[in-house]
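So you can see what is in the structure, the chains are spelled out below.
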Amino acid sequence: MIGLSRRTVLGAALVAALGSATTLPAASAGEMKIAFGDLPGIESIQTLAAIERAKERGVGVELIILNDEDLAAQAIVGGQADVGIGSPYTLIQKAGVPIRIFAQISTQRFFPVVNAEAYKTWKDLDGQEIAVQARGSGTEAVMMLMAKNNGISYGKVSYVPGSEVRRNALIQGTIKASIVDAANRRALETEAPGKFTVLPVENVSATDEAVFATADYLKNNAADVDILVEELMKTGREITENPNAAVELRNKYKLLPDLGAEADAEIAAYYKETAEAGSLALNGGGAEAAAGDFAFFGAAGQIEGDPASLKVDDFWDTASIDRVLTNIGKK
């Protein structure tokens, strides 16, 4: 089965760790070091292809694969990496770090899954244990918001990184309630038909993945940042228009070679579903995405304050989006 991953950036729990050293060398001028906090999976093809296209246009991108979200966030804060991937709202607000989101990559498509023998509805999860990706993650935000909407409280929240890891734990029965991405939901339906129930999620449209960097980096490297943002938009538009483009891009740039040619069918199916859901950001997000994120992460308890009073500029730098859309137009 194809291995998948979801990247998140820890917020409040990361604050105490921000001073920790990493083993990465300091980033140098003229480079763009992009930190991934997990192993890229098929949901990363759009991003990986955009990075390859940015390289073709002269951006000196170096991809840093880290096996821990903490390390990825620390790398940005400490200057060992320039760009991170995630949705760092909690980090920005609670840690006071001068980091800004500069483009949205995709919106959330998570699926709460429960063992059908144990649970049938959200109410059945009152007082029960659930498993999510990490503190401050989109998976946690979804589950907390659904608990609030359904008037329940979980007994325990376990943190289990990796959507595929949670899928396997559900199959093995070591966890009975969790949340997975679209591809792993499909895998559960194939591997154990009828064993699991997908609980409904209403009115959730928030950032899953975005690119972020320090304010200084964005100011001092505007040309390279604009190229990356433009390629993320173009790639998202191309795959949305033709989901099979994800397979073509994967093969052209030899992305995720360890998955083998047999992964192409799953990739095509995954991006067809993703395109139909409108999950890939075609215009970079910006103020419109921020408004939805404020409502969502606020309701989930991951950022503080009245969503209507939160300022986009405190979380986002939309200058690159504005410049790119002037050149390529808005979809």
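Residues numbered from 1 in each chain as written. Predicted model: local features only at pLDDT ≥ 70, side-chain atom pairs only at ≥ 80, totals over all residues. Heavy atoms only, no water.

### Thoughts on the overall build of the protein
- Across its full length, the protein carries 12 helices and 10 strands.
- For the protein, buried positions account for 57% of its 331 residues.
- Excluding contacts between residues fewer than 6 apart, the proportion of contacts in the protein whose partners are at least 24 apart in sequence is 82%.
- Total accessible area computed for the protein in this model is approximately 13400 Å², and 49% of it derives from carbon and sulfur atoms. (Helix = DSSP H or I, 4+ residues; strand = E, 2+ residues; numbered from the N terminus. Buried < 20%, exposed > 50% of the residue type's maximum accessible area, 1.4 Å probe, protein only. Contact = heavy atoms within 4.5 Å. Areas by Shrake-Rupley, 256 points an atom, 1.4 Å probe, with all protein chains shown as cover.)

### A word on the nonpolar core
- Formed by 92 residues in total, the largest nonpolar core has its most connected members in Met32, Ile34, Tyr89, Phe102 and Leu125.
- When residues in this core are grouped by element, the largest group, 7 residues, is from helix α8 (residues 222-241).
- With sequence-adjacent residues up to four places away left out, phenylalanine 102 is seen in contact with Val83, Val211, Phe212, Ala213, Leu218, Val225, Leu228, Val229, Trp316, Asp317 and Ile321.
- Core analysis: the second largest hydrophobic core is formed by 10 residues, Val113, Ala169, Val180 and Ala192 among them. (Core = buried A, V, L, I, M, F, W, Y, C linked by side-chain atoms within 4.5 Å.)

### Quick look at the packing of aromatic side chains
- One pass over the structure, following the stated rule, counts 6 aromatic pairs.
- With centroids separated by 5.5 Å and ring planes inclined at 35 degrees, the aromatic side chains of tyrosine 89 and phenylalanine 315 adopt a geometry described as tilted. Residue tyrosine 89 is located in helix α3 (residues 89-95), and its partner phenylalanine 315 is located in the loop between α11 (287-299) and α12 (319-328); the two are separated by 226 residues in the primary sequence.
- For phenylalanine 315, a relative accessible area of 4% corresponds to the buried category.
- Relative to tyrosine 271, the ring of tyrosine 270 has its centre 4.9 Å away and its plane inclined at 85 degrees; by these criteria the two rings are edge-to-face. Each member of the pair tyrosine 270 and tyrosine 271 is classed as buried.
- Put simply, the rings of Tyr89, Phe294, Phe296, Phe297 and Phe315 pair up and form one aromatic cluster.
- Taking NZ or CZ as reference, arginine 185 lies 4.7 Å from the ring centre of phenylalanine 111, over its face. (Phe/Tyr/Trp six-rings, centres within 6.5 Å; stacked < 30°, edge-to-face > 60°. Lys NZ or Arg CZ within 6 Å of the ring centre and 35° of its normal.)

### Details of the pairing of strand β10 (residues 207-214)
- Within β10, 7 of the 8 residues are buried, which leaves the element mostly enclosed by the surrounding structure.
- Bridge count for strand β4 (residues 99-107) against β10 is 7 bridges, and the pairing is antiparallel. Bridge pairing links isoleucine 99 to threonine 214 in β10. (Pairing = 2+ DSSP bridges.)

### Points about unusual backbone geometry
- At lysine 254, a residue that is not glycine, the phi angle is positive and equals roughly 55 degrees.
- Mapped onto the elements of the fold, lysine 254 is located in the loop between α9 (245-252) and α10 (263-277).
- Residue class for lysine 254 comes out exposed when judged on its relative accessible area of 67%.
- The phi dihedral of leucine 256 is positive, around 50 degrees, even though this residue is not glycine.
- Mapped onto the elements, leucine 256 comes out in the loop between α9 and α10.

### Regarding the pairing of strand β6 (residues 129-132)
- Bridging between β6 and strand β7 (residues 156-159) involves 4 bridges; their strand directions are parallel. Bridging across to β7, glutamate 129 finds its partner in lysine 156.

### Some details on the pattern of salt bridges
- Scanning the entire structure with this criterion turns up 16 salt bridges.
- A salt bridge links arginine 57 to glutamate 231, with the nearest nitrogen and oxygen atoms 2.7 Å apart. You can see arginine 57 sitting in the loop between α1 (45-56) and β2 (60-65) and its partner glutamate 231 sitting in helix α8, a full 174 residues away along the chain.
- The exposure class assigned to glutamate 231 is buried, which follows from its relative accessible area of 6%.
- In this structure, the salt-bridge partner of aspartate 226 is arginine 323, at a minimum N-O distance of 2.7 Å. Highlighted residues: aspartate 226 in helix α8 and arginine 323 in helix α12, separated in sequence by 97 residues.
- Shared partners join several salt bridges into a network, and the residues in it are Arg109, Arg185, Arg186, Glu189, Glu266 and Glu273. (Salt bridge = Lys/Arg side-chain N within 4 Å of Asp/Glu carboxyl O.)

### With respect to the layout of surface pockets
- Considered as a void within the structure, the largest pocket measures approximately 540 Å³ in volume.
- Contributing to the lining of the largest pocket are 28 residues, with Gln104, Thr107, Gly285, Glu288 and Ala289 lying nearest its centre.
- Secondary structure elements with two or more residues in the lining of the largest pocket: β4, α11 and α12.
- Examining the composition of the lining of the largest pocket, we find that 5 residues originate from one element, α11, more than from any other.
- For the lining of the largest pocket, a count of residues per class yields 10 nonpolar, 13 polar and 5 charged. (1 Å grid on protein atoms, 1.4 Å probe; cavity = no way out; pocket = protein on both sides within 12 Å on 5 of 7 lines; lining within 4 Å. Points joined across faces, edges and corners; volume = space filled by probe spheres on them. Nonpolar A, V, L, I, M, F, W, Y, C, P; charged D, E, K, R; others polar.)

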